[in-house]
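Structural overview for review
The chain contents come next:
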Amino acid sequence: MLGLMAARQAGLDDPARLRRAERTRRVLSLELNKDRDVERIHGSGINTLDIEPVEGRYMLSGGSDGVIVLYDLENLSRKPSYTCKAFFSVGRSHPDVHKFSVETVQWYPHDTGIFTSSSFDKTLKIWDTNTLQPADIFHFEGTVYSHHMSPVATKHCLIAVGTKSPKVQLCDLKSGSSSHILQGHRQEVLAVSWSPRHEYVLATGSADGRVKLWDVRRASGCLSTLDQYNGEKSKASSETANTAHNGRVNGLCYTNDGLHLLTIGTDDRMRLWNSSTGENTLVNYGKVCNESRKGLKFAISCGCNPEFVFVPYGSTIAVYTVFTGELITMLRGHYSTVNCCVFQPHFQEIREREEEKYI
């Protein structure tokens, strides 16, 4: 590290190299933080977390009790030991609280004044952060498993929604209507994720074992259906036979540059795909235990070398290198099943939930 600092000071090295090295060091030394805690508000398990990308200060959580909580992560006391306080909550007494389990929460990517939530009560709600009132509510015929807004879109305000229906719903924030339906899956859609590289490209994962890539500007069909065998199993087979996993696909996550896509299935496998060609890179992560009946929320590091993926694994978080599949460590601290985790890129911290713990 001292050598990197000296080289940077002398102008012999790229400043970003020192930053990457320090971020990587911090990730490799992750452990349970004994000096920081999180105020407990939820009465049952937590399914989803999201940290706003503008300041990296505020975090949303959504629970099985239908409650949504916003936490302030900043240490305003400046004391070594402190508890992150709940800024507000949409509790059971709130008139617009979700009736059933909240499965996904997400900040509006460009402004902390708006956040979104979706639930097993068959709704997607758009919230005004300042008034804690829903600005809009989208209703669906089936259970909502997942939703996602594009982090890079400038020409559309579409929210992709995965429900018990095999049809992917696209809800338009501007018009307040479900503007588009993507048809191609055969069973419920458990995971959706917009590309951080191309604002019109969407990835979806389904209980039918398939992962599809879509260009939402196209009226017919999808760009590709990912094939775990890269076409080798049966040269004569049609695209409709392609499967990404031999089980339900319940987790999707793009790398931060959008060049690769990670998928997780109930076949206990995680796969890395080239998002441009749709090719399975055949990275072997070994057995990645996944018994979740719904969406699995995992996270990828940002600005490290190499990059890491953090996967809920029973009561632990498994940390793998993205491009080699090496299991680096298991982060321990929970006593029950971990449902989700989120990466804080500013400080290389992991927030994970069964009940909240800091690492």
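Preceding this paragraph is the structure being described.
Each chain carries its own residue numbering, running from 1 in the direction its sequence is written. Local features in this predicted model are restricted to residues of pLDDT 70 or higher, and side-chain atom pairs are both shown and tallied only at a pLDDT of 80 or more, whereas totals for entire chains, interfaces and linings draw on every residue. With hydrogens and water excluded, all non-hydrogen atoms of the structure serve as input to the side-chain values.

**Things to note about the sheet that holds strand β17 (residues 211–215)**
Our working rule: Note: two strands are recorded as paired if DSSP finds a minimum of 2 bridges between them. Going along the chain from the N terminus, every DSSP run of H or I of four or more residues is numbered as a helix, and every run of E of two or more is numbered as a strand.
One open sheet accounts for four strands, arranged β15-β16-β17-β18; its pairing is antiparallel. At either margin of the open sheet sits one strand with a lone partner, and together these are β15 (189–194) and β18 (224–225). Here β17 pairs with β18 via two bridges, running antiparallel. Pairing of leucine 213 across the sheet is with serine 224, part of β18.

**Structural notes on the packing of aromatic side chains**
Selection rule: Put simply, two rings from Phe, Tyr or Trp (the six-membered ring, in Trp's case) pair if the centres are within 6.5 Å, and we call them stacked under 30 degrees between planes, edge-to-face over 60, tilted for the rest. Accessibility here uses a 1.4 Å probe with only protein chains present; expressed as a share of the type maximum, an area under 20% marks a residue as buried, one over 50% as exposed, and anything in between as partly exposed.
Taken as a whole, this structure holds eight aromatic pairs when the rule is applied. Note on tyrosine 285 and tyrosine 320: the rings are 5.8 Å apart at their centroids and 85° apart in plane angle, and the pair reads as edge-to-face. Here tyrosine 320 lies in strand β24 (residues 316–321) and tyrosine 285 lies in the loop between β21 (269–274) and β22 (299–300), a separation of 35 residues in the sequence. For the pair formed by tyrosine 285 and tyrosine 320, the shared burial category is buried. Ring pairing ties together the aromatic residues Tyr58, Phe87, Phe88, Trp107, Phe115 and Trp127, which thus form one cluster.

**A short note on the pattern of salt bridges**
As a reminder, the rule being used: Here a salt bridge means any side-chain nitrogen of Lys or Arg lying within 4 Å of a carboxyl oxygen belonging to Asp or Glu.
In total, this model carries eight salt bridges according to the counting rule given. In this structure, glutamate 22 engages arginine 25 in a salt bridge whose closest nitrogen and oxygen atoms are separated by 2.7 Å. Taken together, the residues glutamate 22 and arginine 25, both in helix α2 (residues 15–28) and three residues apart, mark about one turn of the helix. Classification of glutamate 22 as partly exposed rests on a relative accessible area of 25%. Of the residues examined, arginine 25 reaches a relative accessible area of 42% and is grouped as partly exposed. As a salt-bridge pair, arginine 57 and glutamate 74 come within 3.5 Å of each other at their nearest N and O atoms. Within this pair, whereas arginine 57 is found in the loop between β2 (46–51) and β3 (58–63), its partner glutamate 74 is found in the loop between β4 (68–72) and β5 (82–84), the two being separated by 17 residues in sequence. A single salt-bridge network, built from bridges that share partners, covers Arg57, Asp72, Glu74 and Arg78.

**Description of the side chain of aspartate 215**
Our working rule: Polar contacts, as counted here, are pairs of nitrogen or oxygen atoms within 3.5 Å of one another; within protein the pair requires one atom able to donate a hydrogen and one able to accept it, and residues that are adjacent in sequence qualify only if both atoms are side-chain atoms. Note on contacts: a residue pair qualifies if any of its non-hydrogen atoms lie within 4.5 Å across the two residues.
Mapped onto the fold, aspartate 215 is located in strand β17. In terms of polar contacts, aspartate 215 uses its side chain to reach the side chain of arginine 217, at 2.9 Å. When neighbours within four sequence positions are excluded, aspartate 215 is seen to be in contact with Tyr200 and Leu223.

**As for the sheet that holds strand β11 (residues 144–149)**
Defined as follows: Angles shown run from 0 to 180 degrees and are taken between the N-to-C directions of axes, each axis being a line fitted to C-alpha atoms and, for helices, limited to the stretch in contact.
Strand order in the open sheet formed by four strands is β11-β12-β13-β14, and the pairing between neighbours is antiparallel. The two strands at the open ends of the sheet, each matched to only one other strand, are β11 and β14 (177–182). Taken over all neighbouring pairs, the strand axes of this sheet differ in orientation by 25° on average, direction set aside. Bridge count for β11 against strand β12 (residues 158–163) is five bridges, and the pairing is antiparallel. Counted as the bridge partner of serine 146 is glycine 162 from β12.

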